[in-house]
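Here is how the chains run, residue by residue.
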Amino acid sequence: MSEVVGAPVPAASRSLAAARWAGRIRACLSRARGLWRDFTGEAAYDRYVERHRREHPDHAPLTARQWWRARSEFDERNVSTGCC
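About the cut-offs
Residues numbered from 1 in each chain as written. Predicted model: local features only at pLDDT ≥ 70, side-chain atom pairs only at ≥ 80, totals over all residues. Heavy atoms only, no water. Phe/Tyr/Trp six-rings, centres within 6.5 Å; stacked < 30°, edge-to-face > 60°. Helix = DSSP H or I, 4+ residues; strand = E, 2+ residues; numbered from the N terminus. Buried < 20%, exposed > 50% of the residue type's maximum accessible area, 1.4 Å probe, protein only.

1. Points about the packing of aromatic side chains
Here's step 1: Enumeration over the complete set of coordinates arrives at five aromatic pairs.
Here's step 2: Aromatic pair Trp36 and Phe39: ring centres 5.8 Å apart, planes at 40 degrees, arrangement tilted. Here the residue Trp36 and the residue Phe39 both occupy positions in helix α1 (residues 11-40), the gap between them amounting to three residues, near one helical turn.
Here's step 3: For Phe39, a relative accessible area of 68% gives the class exposed.
Here's step 4: Ring geometry for Tyr45 and Tyr48: centres 5.9 Å apart, planes at 40 degrees, overall tilted. A residue pair is termed a helical-turn pair when its members lie 3 or 4 positions apart in one helix, as Tyr45 and Tyr48 do in helix α2 (residues 44-55) at three residues. With respect to class, Tyr45 is no different from Tyr48; both count as buried.
Here's step 5: Members of the aromatic cluster, each reached through a chain of ring pairs, are Tyr45, Tyr48, Trp67 and Trp68.

Below is the structure:
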C-alpha cells in the first residue's frame, strides 16, 4: 500500500513522534543540567558523598554545610597564584 501525498498523518503516529521529540528534549536538558552543575561546582558535594559511601561505609559523610565550609577553608589556605 502506498502513501498518498498530502494525506493526513494518523494521530497515533503524531503522538509517537511527539513522544520521541519530548524524550530527546528531556535528555538534552538533563545533560545540560549535569554540565551546568559540574561547571558551577554544585555536583561536587554529590560526588563526595558517593565516594565517601563507597570508601568509608563505616561512618556518615559530612553534611553539605560542613563539607562546603571545609572546602572553602582548604581553598583559602591553598591559594593558587598561577594558571597551572
